[in-house]
Amino acid sequence: NIRAERGNGSGDIRQNFAFSMLYDIPMGAGHNFLGSAPGAVRVLAGGWQLNALGLMHSGIADTVYIGTNTFGNQDYTNQRPNVVAGQPFYASQRSWRSWLNSSAWSLPADGTFGDSGRNTIYGPTFKQIDTSLIKETPLGEGKSLEYRAEFFNLFNHPNFSEPDTTWGTEGFGQTFNTFGSTIGLGTSRQIQMALKFMF
């Protein structure tokens with residue numbers, strides 16, 4: 001029934017805001033602040049740059065399933081429950097412990113497919129800001145030393161992954177992981193520093 005599969009796209013994100021920033025800090029040589037300071041101070045104060053990259057978006061579309069087949073054709077793929085009229089899809093106090101309201105769905109009668117639509121719920125929001133502080137120090141013609149400190153997920157904001165969407169299971173509506181649990185976008189705060197000699 002192709003009409004029953006009509007719904008939001010699997011990657012549907014309704015609100016998305018991204019920004020990037022690069023700021024050369026006006027200190028040291030060629031600037032009013034510490035521009036006429038003694039040589040060592042001027043070198044230490046100059047060449048600093050602050051960068052930031054931010055990404056914030058609303059939740060991603062997802063589908064509520066059931067882990068059984070009520071129609072009777074032994075196909076366990078894409079089986080969905082019925083929607084209970086008047087019940088909100090989400091828990092009254094949404095959190096990683098309870099994102100969905102289990103009372104909003106019910107098991108279809110034997111011999112029928114569930115009427116819950118495709119990708120009708122949305123998971124948690126995502127918010128992350130990464131920053132870096134970079135200093136470049138000239139060391140003569142064609143040579144320079146670059147120091148950088150990088151902060152991923154600067155504010156250590158927890159970004160949770162999609163909740164368990166298999167209705168009727170013990171963990172339904174709960175989130176068991178963060179968006180990027182070990183590496184990449186969505187991890188907890190990570191800090192790294194590097195020193196690079198360019199010639």
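Above: the structure in question.
Sequence positions are assigned chain by chain, starting from 1 and proceeding in written order. At least 70 in pLDDT is required for a residue's local features to be given in this predicted model, at least 80 for side-chain atom pairs to be given and counted, and no such filter applies to totals for whole chains, interfaces and linings, which use all residues. In computing side-chain properties, one takes all heavy atoms of the structure into account and sets aside hydrogens as well as water.

Asker: Could you give me a rundown of empty space enclosed by the protein, with the residues and numbers involved?
Answerer: A probe matching the size of a water molecule, rolled over the atoms, marks out where space remains unfilled. Here a cavity is any set of points on a 1 Å grid over the protein atoms alone where a 1.4 Å probe fits but cannot get out, and a pocket is any open set with protein on both sides within 12 Å along at least 5 of 7 lines; a residue lines the site when it has an atom within 4 Å of a point. Grid points are joined across faces, edges and corners, and a volume is the space filled by probe spheres set on the points. Within this structure, the stated rule accounts for 1 cavity of 30 Å³ or more. Taken as a whole, the largest cavity holds about 40 Å³ of empty space. Around the largest cavity sit His-57, Ile-60, Pro-124, Thr-125, Phe-126, Phe-160, Ser-161, Glu-162 and Phe-179, which together line it. Gly is placed with the polar residues, together with every amino acid not listed as nonpolar (Ala, Val, Leu, Ile, Met, Phe, Trp, Tyr, Cys and Pro) or charged (Asp, Glu, Lys and Arg). The class makeup of the residues in the lining of the largest cavity is 5 nonpolar, 3 polar and 1 charged.

Asker: Give a description of the layout of surface pockets that names residues and reports values.
Answerer: One number sums up the size of the largest pocket: a volume of about 220 Å³. Every residue lining the largest pocket is listed: Asn-1, Ala-4, Glu-5, Asn-73, Asp-75, Thr-77, Asn-78, Gln-79, Arg-80, Phe-113 and Gly-114. Considering only residue class, the lining of the largest pocket consists of 2 nonpolar, 6 polar and 3 charged.

Asker: I'd love a proper account of the side chain of Asn-119, names of residues and values included.
Answerer: The secondary structure listing takes helices from DSSP runs of H or I that are at least 4 residues long and strands from runs of E that are at least 2 residues long, numbered from the N terminus. Note that Asn-119 resides in the loop between strand 6 (105-106) and strand 7 (121-122). Here a polar contact is taken to be a pair of N or O atoms separated by no more than 3.5 Å, where protein atoms must pair a possible hydrogen donor with a possible acceptor and residues adjacent in sequence count only if both atoms sit in side chains. Here Asn-8 takes part through its backbone oxygen, which lies 2.7 Å from a polar atom of the side chain of Asn-119. Pairs of residues are marked as contacts when any of their non-hydrogen atoms sit within 4.5 Å. Dropping the residues within four chain positions of it, Asn-119 is found in contact with Asn-8, Gly-9, Ser-10, Ala-61, Asp-62 and Thr-63.

Asker: An account of the nonpolar core is requested, with residue identities and associated values reported.
Answerer: The set of buried Ala, Val, Leu, Ile, Met, Phe, Trp, Tyr and Cys residues whose side-chain atoms join them within 4.5 Å is what this entry labels a nonpolar core. Each residue is placed in one exposure class: buried if its accessible area under a 1.4 Å probe, protein chains only, is under 20% of its type's maximum, exposed if it is over 50%, and partly exposed if it falls in between. Counting 9 residues, the largest nonpolar core is built from Val-64, Ile-66, Trp-99, Leu-100, Ala-104, Trp-105, Ile-121, Trp-167 and Phe-172. For Leu-100, the residues in contact, after removing those within four places along its chain, are Val-64, Phe-89, Tyr-90, Ala-91, Trp-105, Ile-121, Pro-163, Asp-164, Thr-165, Phe-172 and Gly-173.

Asker: Can you tell me about the environment of Val-83, naming the residues and giving the values?
Answerer: Note that Val-83 resides in strand 5 (residues 82-83). Using a relative accessible area of 31% as the deciding quantity, one classes Val-83 as partly exposed. The spacing of Val-83 and Leu-44 is 39 residues in sequence and 65 Å in space, taken between C-alpha atoms. Dropping the residues within four chain positions of it, Val-83 is found in contact with Phe-89, Ala-104, Trp-105, Asp-115 and Ser-116.

Asker: Describe the pattern of salt bridges, listing the residues and the values that go with them.
Answerer: Salt bridge, as applied in this entry: a Lys or Arg side-chain nitrogen positioned within 4 Å of an Asp or Glu carboxyl oxygen. Taken as a whole and assessed by the stated rule, the structure comprises 5 salt bridges. Across the salt bridge formed by Arg-80 and Glu-5, the nearest N and O atoms sit 3.3 Å from each other. Remark: Glu-5 occurs in the segment before strand 1 (16-24) and Arg-80 occurs in the loop between strand 4 (65-66) and strand 5; sequence separation between them is 75 residues. Since its relative accessible area comes to 30%, Glu-5 is described here as partly exposed. Beyond isolated ion pairs, a larger network of salt bridges with shared partners links Glu-146, Arg-148, Glu-150 and Lys-196.

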